[in-house]
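Take a look at the letters that make up each chain.
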Amino acid sequence: MFTALKIEKDEAGYRTQLASLEDNQLPDGDVTIKVDYSTLNYKDALAITGKGPVVRHFPMVPGIDLAGSVESSSNPAYQPGDAVVLNGWGVGEVHWGGLAQKARLKGDWLIPLPTAFTPRQAMMIGTAGYTAMLCVMALERHGVKPESGEILVTGAAGGVGSVAVALLAKLGYQVVASTGRPDEAEYLKQLGASEIIHRNTLSEPGKPLARERWAGAVDSVGSHTLANVCASMKYRGVVAACGLAQGMDLPATVAPFILRGVTLAGIDSVYCPRPERLEAWERLGQLLDTNQLELLVHEISLEEAIPAATDLLAGKIRGRLVVDTNR
Ligand code: NDP
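Counting starts from 1 at the beginning of each chain's written sequence and moves along it residue by residue. In view of the model being predicted, local features appear only for residues whose pLDDT reaches at least 70, and side-chain atom pairs are presented and counted only at 80 or more, with totals across whole chains, interfaces and linings using the full set of residues. Neither water nor hydrogens contribute to the side-chain values; these are computed over all heavy atoms in the structure.

**Some remarks on the overall build of the protein**
If you tally the helices and strands in the protein, you get 9 helices and 15 strands. This radius of gyration counts C-alpha atoms alone. The globule rule is 2.2 Å times how many residues there are, raised to the power 0.38. Its C-alpha atoms give the protein a radius of gyration of 19 Å, within 12% of the compact-globule value 20 Å for 327 residues. With respect to the principal axes defined by its C-alpha atoms, the protein has extents near 60 × 45 × 35 Å. Buried, partly exposed and exposed residues are distinguished by accessible area as a fraction of the type maximum, computed with a 1.4 Å probe on protein chains only: under 20%, between the cut-offs, and over 50%, respectively. Per-residue burial for the protein yields a buried fraction of 54% across its 327 residues. The criterion used for residue contact is that any of the two residues' heavy atoms lie within 4.5 Å. Counting contacts in the protein only where the partners sit at least 6 residues apart, residues at least 24 apart contribute 70% of the total. Reported accessibility uses the Shrake-Rupley method at a 1.4 Å probe radius. Residues are deemed covered only where the shown protein chains occlude them. Summed over all atoms, the accessible surface of the protein reaches about 13,400 Å², with 51% contributed by carbon and sulfur. Across the protein, 30 positive and 36 negative side-chain charges occur, with their mean positions spaced 6 Å apart. Runs of E in the DSSP output that reach at least two residues are strands. Runs of H or I that reach at least four are helices, and both are numbered from the N terminus. By the counting scheme adopted, Arg and Lys are positive, Glu and Asp are negative, and His together with the chain ends is not counted. In this description, the location of a charge corresponds to atom NZ of lysine, CZ of arginine, CG of aspartate or CD of glutamate.

**Quick notes on the state of the cysteines**
Pairs of cysteine sulfur atoms within 2.5 Å are identified as disulfides in what follows. In total, this model carries 0 disulfides according to the counting rule given. Note on Cys135: no disulfide assigned, nearest cysteine sulfur contributed by Cys242 at a separation of 4.0 Å. Of all cysteine sulfurs, the one in Cys242 lies closest to Cys230, which takes part in no disulfide; the gap is 13 Å. Looking at Cys230, the relative accessible area reads 0%, which means it is buried.

**Digging into the nonpolar core**
Residues enter a nonpolar core if they are buried and are Ala, Val, Leu, Ile, Met, Phe, Trp, Tyr or Cys, with the set joined through side-chain atoms within 4.5 Å. Leu167, Leu168, Trp281 and Leu284 are the most contacted members of the largest nonpolar core, which has 54 residues in total. Elements that contribute at least two residues to this core include exactly α2 (119-141), β8 (151-153), α3 (159-170), β9 (175-179), α4 (185-191), β11 (214-219), β12 (233-241) and α7 (274-287). Of the residues forming this core, the biggest block, 14 residues, is contributed by α2. In terms of domain composition, this core takes at least three residues from each of domain 1 (2-113 + 291-324) and domain 2 (126-266). Domains are outlined according to an automatic or database domain assignment.

**Looking at helix α1 (residues 42-49)**
Among all positions in α1, only Asp44, Ala45, Leu46, Ala47 and Ile48 are buried. Where the residues of α1 are buried, they touch β1 (2-10), β2 (13-21), β3 (31-40) and α9 (305-313).

**Examining the packing of α2 against α3**
Simply put, an axis is a line fit to the C-alpha atoms, just over the touching stretch for a helix, and the angle between two N-to-C directions goes from 0 to 180 degrees. Running from amino to carboxyl end, α2 crosses α3 at an angle of 50°, the nearest separation of the two axes being 8 Å. Taken together, α2 and α3 sit at an angle that is classed as oblique. Crossing geometry of α2 relative to α3 is assigned as right-handed. Facing α2, whose interface residues are Ala128, Gly129, Ala132, Met133, Val136 and Leu139, α3 presents Gly159, Val160, Val163, Ala164, Leu167 and Leu168. Comment on the angle field: the value is read as roughly parallel under 35 degrees, roughly antiparallel over 145, roughly perpendicular from 65 to 115, and oblique elsewhere. Handedness of each helix crossing follows the sense of rotation of the near helix against the far helix: counterclockwise by less than a right angle gives left-handed, clockwise gives right-handed.

**So, unusual backbone geometry**
Most peptide bonds take the trans form, and the phi angle of most residues other than glycine is negative. In this structure, Pro59 follows Phe58 across a cis peptide bond, with omega equal to -10°. Phi angles above zero are rare outside glycine, and Trp89 is one such case at about 60°. Inspection of the secondary structure puts Trp89 in the loop between β5 (83-87) and β6 (102-105). At Ser223, a position not held by glycine, the phi torsion is positive, near 50°. Tracing the chain through its elements places Ser223 in helix α5 (residues 223-231). Overall, Ser223 belongs to the buried group, its relative accessible area being 4%.

**Let's talk about the site of the ligand**
Among the 24 residues in the neighbourhood of the ligand, the closest are listed as Val160, Thr179, Gly180, Arg181 and Ser269. Here Arg199 contributes a side-chain N or O atom positioned 2.8 Å from an oxygen atom of the ligand. Between Cys242 and the ligand, the recorded distance is 2.9 Å, taken from a backbone N or O atom to a nitrogen atom. When the free accessible area of the ligand is taken as 910 Å², the share hidden by the protein chains comes to 88%. Contributing elements (two or more residues each) for the shell around the ligand: α2 and α3. In the scheme used here, Gly and all other residues not listed as nonpolar or charged are polar, with Ala, Val, Leu, Ile, Met, Phe, Trp, Tyr, Cys and Pro taken as nonpolar and Asp, Glu, Lys and Arg as charged. Looking at side-chain class alone, the shell around the ligand contains 11 nonpolar, 10 polar and 3 charged residues. Residue proximity to a molecule or strand is established when one non-hydrogen atom of the residue lies within 4 Å of it. Between N or O atoms, a polar contact is any pair within 3.5 Å; within protein, one atom must be a potential hydrogen donor and the other a potential acceptor, and residues adjacent in sequence are included only when both atoms are from side chains.

Dropping the structure here:
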């Protein structure tokens, strides 16, 4: 028997509860994992609350990421006891996920736990932090350098935003953090932001082009915010777009792209190819200070993840929520 969050949808409605499950209920897969830590990401919160169409089959165990050790494996790449990390691949959406004490899945989806981190530290970063790294790598790939100018991070006090601020600052970029929570200014400065702006300067409908300011941007917000970010990029600036916390729409014009050569780089962490994942995790290990990571983390139990999902969607959670699956 093991404990997991279980999402059900039937005549009685959509609900998420703590449940005791049998090992023989685990889905197909060639590796069984003892999960030590998982996390609560925006997508997990949508799944747990049913506020977004994340879950494709019921019943579902949510949790798009996990860290733990291999319990048994018929995959030659993994032996019992190996420490592993998982992000994405539809886990927690179409395949039972990490908000559980056990998971069974395809070994090809796993990566070895980076040597720089304990399982808990890997989940302090989690999918949000790994996505932040993918965003930074996209800016680099498109030629944005510290000397290019200011980098804007939107949704800065959230999971992706917090890690993006820390990574960019460590790489020597001048980071401007946009947040709806000015009381988190001190926190964002501790992570490395040089200036804080209020998100309402970006969230209302704007003009096709605005004053050129940003050399690069990491956007986890979408909607009018992303449109305004594109409109205020410097000539040949680059925006890494990964999220939709304000909305899935993009009410923009082509003006920034055809008049200023702006690049809009889309970031998907779920099906990101393995070599890029491995690179992202290696770089996270090089760049993130594990003491600084403690700043952005709050630890909760599996059961506490249910009410925390509502708080996360309401934008009340600072940084990252780590879930100790054995607490
Ligand atoms: P969080 O909830 O931790 O952070 C989102 C932040 O966005 C909030 O903290 C808040 O920041 C800001 N925000 C919330 N609501 C609004 C609003 N209405 N208008 C403007 N800003 C708002 O989520 P995550 O960091 O885990 O994820 C962020 C986004 O990135 C989500 O949309 C998620 O789905 C997406 N994502 C995408 C991935 C991919 O593969 N493409 C992977 C991981 C995440 P503040 O208080 O500072 O304003």
